[in-house]
Amino acid sequence: MTQDVFIPLQPLKGRGVAHRQPHRFERDQRAAFDDGWGTLDAAAGDGSAPPATEVTWEDCKSAITRNDSPDIGFNLGLNPYRGCEHGCVYCYARPSHSYLNLSPGLDFETKIIAKRGIADALRRELLSPRHVPEMIAIGTVTDAYQPVERELRLTRSVIELLAQAQHPLGIVTKGSGVERDLDLLAPLGRQGLAAVYVTITTLDAQLARILEPRAAAPHRRLRTLRALADAGVPTGVSVSPQIPFINDDMEQVLEAAYEAGARRAFYQVLRLPWELSPMFRQWLELHHPDRAARVMARVQDLRGGQDYDADFATRMKGQGIWADLLRQRFVKACERLGFNRERQPMDTSRFRPAALRGQGDLF
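Residues numbered from 1 in each chain as written. Predicted model: local features only at pLDDT ≥ 70, side-chain atom pairs only at ≥ 80, totals over all residues. Heavy atoms only, no water.

**Brief notes about helix α8 (residues 218-230)**
With 13 residues, α8 should reach 18 Å at 1.5 Å per residue; the first-to-last C-alpha distance of 19 Å fits that figure. Turning to α8, its buried residues are Pro 218, Arg 221, Leu 222, Thr 224, Leu 225 and Leu 228. All buried residues of α8 project into a common sector of 155° when viewed along the axis, lining one side. With respect to the buried face of α8, the exposed residues turned more than 90 degrees away are His 219, Arg 223 and Asp 230. (Helix = DSSP H or I, 4+ residues; strand = E, 2+ residues; numbered from the N terminus. Expected span 1.5 Å × (residues − 1). Buried < 20%, exposed > 50% of the residue type's maximum accessible area, 1.4 Å probe, protein only. Arc of directions from axis to C-beta.)

**Some points on the pairing of strand β5 (residues 111-116)**
With six bridges connecting them, strand β1 (residues 54-59) and β5 associate as parallel partners. Paired with Thr 56 across the bridge in β5 is Ile 113. (Pairing = 2+ DSSP bridges.)

**What about the confidence of the model for the protein chain?**
Residues with a pLDDT of 70 or more make up 88% of the protein chain, whose mean pLDDT is 91. This model gives residues 33-37 a pLDDT under 50, and the stretch forms nine contacts once residues within four places in sequence are excluded. Low confidence marks residues 359-363, where pLDDT is under 50. Its contacts with residues over four positions away, or in another chain, come to eight contacts. (pLDDT = per-residue confidence, 0-100. Contact = heavy atoms within 4.5 Å.)

**Comments concerning the sheet that holds β5**
In any sheet, the strands associate via hydrogen bonds between backbone groups, in a parallel or an antiparallel arrangement. A sheet is described by the order of its strands in space; here three strands give the open sequence β1-β5-β4, paired in mixed fashion. Looking at strand neighbours, the two that pair on one side only are β1 and β4 (81-82), the edges of this open sheet.

**A word on helix α5 (residues 154-165)**
The α-helix advances 3.6 residues per turn, and as a result positions three or four apart in sequence lie on the same side. Taking 1.5 Å as the rise per residue, α5 with 12 residues should run 16 Å; its terminal C-alpha atoms sit 17 Å apart, in good agreement. Turning to α5, its buried residues number three or more, namely Leu 154, Thr 155, Arg 156, Val 158, Ile 159, Leu 161, Leu 162, Ala 163 and Ala 165. Gln 166 sits one or two positions beyond α5 and adopts a positive phi of about 55°.

**So, the side chain of Arg 303**
Relative to the helices and strands, Arg 303 is located in the loop between α11 (292-302) and α12 (321-337). Of the side chains with opposite charge, Asp 309 lies nearest to the buried Arg 303, which makes no salt bridge, at 6.9 Å. Apart from residues lying up to four places away in sequence, Arg 303 is in contact with Val 269, Leu 270, Arg 271, Tyr 308, Asp 309, Thr 314, Arg 315, Met 316, Gly 318 and Gln 319. (Lys, Arg positive; Asp, Glu negative; His and termini not counted. Salt bridge = Lys/Arg side-chain N within 4 Å of Asp/Glu carboxyl O.)

**Here's the deal with the packing of aromatic side chains**
Across all of its chains, the model carries four aromatic pairs by this definition. Taken together, a centroid distance of 5.4 Å and an interplanar angle of 65° make the contact between Tyr 197 and Phe 266 edge-to-face. Taken together, the positions of Tyr 197 in strand β8 (residues 194-199) and Phe 266 in strand β10 (residues 264-266) put the pair 69 residues apart, joining distant regions of the chain. With a relative accessible area of 10%, Tyr 197 lands in the buried category. A relative accessible area of 26% means that Phe 266 is categorised as partly exposed. (Phe/Tyr/Trp six-rings, centres within 6.5 Å; stacked < 30°, edge-to-face > 60°.)

Structure follows, in structure tokens:
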């Protein structure tokens, strides 16, 4: 009796995951295997180029999203794109591509959905009498400064609108492209209307290359922090996610970020909802097979014995002794360096919707 020989996955250069992970709504799942015609050898390294990025447009019906999650520090969000070319293997937003009948794996980082008319939709919402101004968080699901933004400029268009209306905003990004918009963000920051957090997962460039293959390099993100701080933008750092036995340099990242001008900081632990769990396990086997079991054992320690627990009380920081130790490390480092000592609320009194009105407006 013969036995199928399954083709081992190989890392794809410039991509976070190695295959098209089936999404949870698919009925059929397929696996490649050696058919005896050299398929196995070809798959092991045929020199073919990794899949290219494709951008699809969708008409934007609404720009602002609202959440009532008690563990999230904002109520209003805005994301110009679905999917993210940065390809971060740990991204908790990957499973959202399943709702589009696309894979949370390669499709998430190669099939980007751009929201056509997002600035027009935002303008209508800001002009509504029902809108109450508060900070709008930009890019909290997928990065607003991923590579396609250089050409499409959707993020730029919404910041221009918010600046015109003097509406507060916050940004979280791994992209150095945010520096392009300093002409808008600097005056907003000086007026208490903008803040930018740059995510720096690790200072290890080699690790960052396989964790976040198309995001800016760690040293480049530090330069972005310095540029923002020097321009007067309130600036912070996210040292997220914390992955056991993978990125153990949290204190070093905080020190470097503080030297670069960041004065605010936060962290989250690795989250593995839905399809993300098998994808991350696969990444561990490809890149860190020697410690894969150890990493997942610690992840489960943080999650009450599971790969993930969506409980609002623990999903961001984990639970148990290891979560407590991680929290202590973060708190002590922040106290020593001087993070989070001053934090002024954003100024909502400056909001001027009249600045957005023109001929033909209904409001």
